[in-house]
Amino acid sequence: METPPPSPDAKPPLGRTFYLWLCAPVLSMAVATAASAAGARNGDLEGFGMVLSLLSLLAMIACSVVCSVMVGKRKGGGLGVLTFIGIQVIYVSVACAGCASMVYKMDFR
């Protein structure tokens, strides 16, 4: 039995690269939260956690754009925009949870 040849317009499904881009900021925010929780008040590890959380916020913007472009190229521009909005909802909730877990330790004096 012969398999039909693939159509020339067929795009490969979203693979490992997409999921790495999608999960990288979430994992970095988790590391930042863990570092901040493990560090003593005003310690070096807590400062590292705060810096890493701010860098994670920037990575969230970049990764959501990259992921939405990947989807947009495969499925169309409209679905790419919806993917961007959906990923932003996920990232904003992760960012709020991560920052809220660090806020109780902050001292602005």
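Residues numbered from 1 in each chain as written. Predicted model: local features only at pLDDT ≥ 70, side-chain atom pairs only at ≥ 80, totals over all residues. Heavy atoms only, no water.

**Q** With reference to specific residues and values, describe a nonpolar patch on the surface.
**A** On the surface, I61, V65, V69, L79, V81, L82, F84, I85 and V89 cluster together into a nonpolar patch covering about 780 Å² of accessible area. Looking at the nonpolar patch, the elements that each hand over two or more residues are helix 2 (44-75) and helix 3 (77-103). Of all the elements, helix 3 adds the most residues to the nonpolar patch, at six residues. You can see V65 is positioned in helix 2. Judged by relative accessible area, V65 falls into the partly exposed class, the value being 40%. (Patch = residues over 30% accessible without salt bridge, like charges linked within 9 Å, V, L, I, M, F, W, Y side chains within 5 Å. Areas by Shrake-Rupley, 256 points an atom, 1.4 Å probe, with all protein chains shown as cover. Salt bridge = Lys/Arg side-chain N within 4 Å of Asp/Glu carboxyl O. Helix = DSSP H or I, 4+ residues; strand = E, 2+ residues; numbered from the N terminus. Buried < 20%, exposed > 50% of the residue type's maximum accessible area, 1.4 Å probe, protein only.)

**Q** Go over helix 1 (residues 16-38) with me, naming the residues and quoting the values.
**A** Along its 23 residues, helix 1 runs 31 Å from first to last C-alpha, staying within 8% of the 33 Å computed at 1.5 Å per residue. Approximately 35 degrees is the largest bend angle found in helix 1, and it occurs at C23, with the proline P25 only one to four residues beyond. Buried within helix 1 we find F18, L22, P25, S28, M29, A32, A35 and S36. (Expected span 1.5 Å × (residues − 1). Bend = angle between axes of the 7 residues up to and from the residue.)

**Q** Before we move on, could you go through the packing of helix 1 against helix 2 and cite the residues and values that matter?
**A** Here helix 1 crosses helix 2 at 165 degrees, and the two axes come no closer than 8 Å. Classified by the angle their axes make, helix 1 and helix 2 are roughly antiparallel. Along this stretch, helix 1 crosses helix 2, giving a crossing that reads as left-handed. Looking at side-chain class alone, the contact of helix 1 with helix 2 contains 20 nonpolar, six polar and one charged residues. (Axes fitted to C-alpha atoms, helices over the stretch in contact; angles between N-to-C directions. Parallel < 35°, antiparallel > 145°, perpendicular 65-115°, else oblique. Left-handed = near helix turned anticlockwise from the far one by under 90°. Nonpolar A, V, L, I, M, F, W, Y, C, P; charged D, E, K, R; others polar.)

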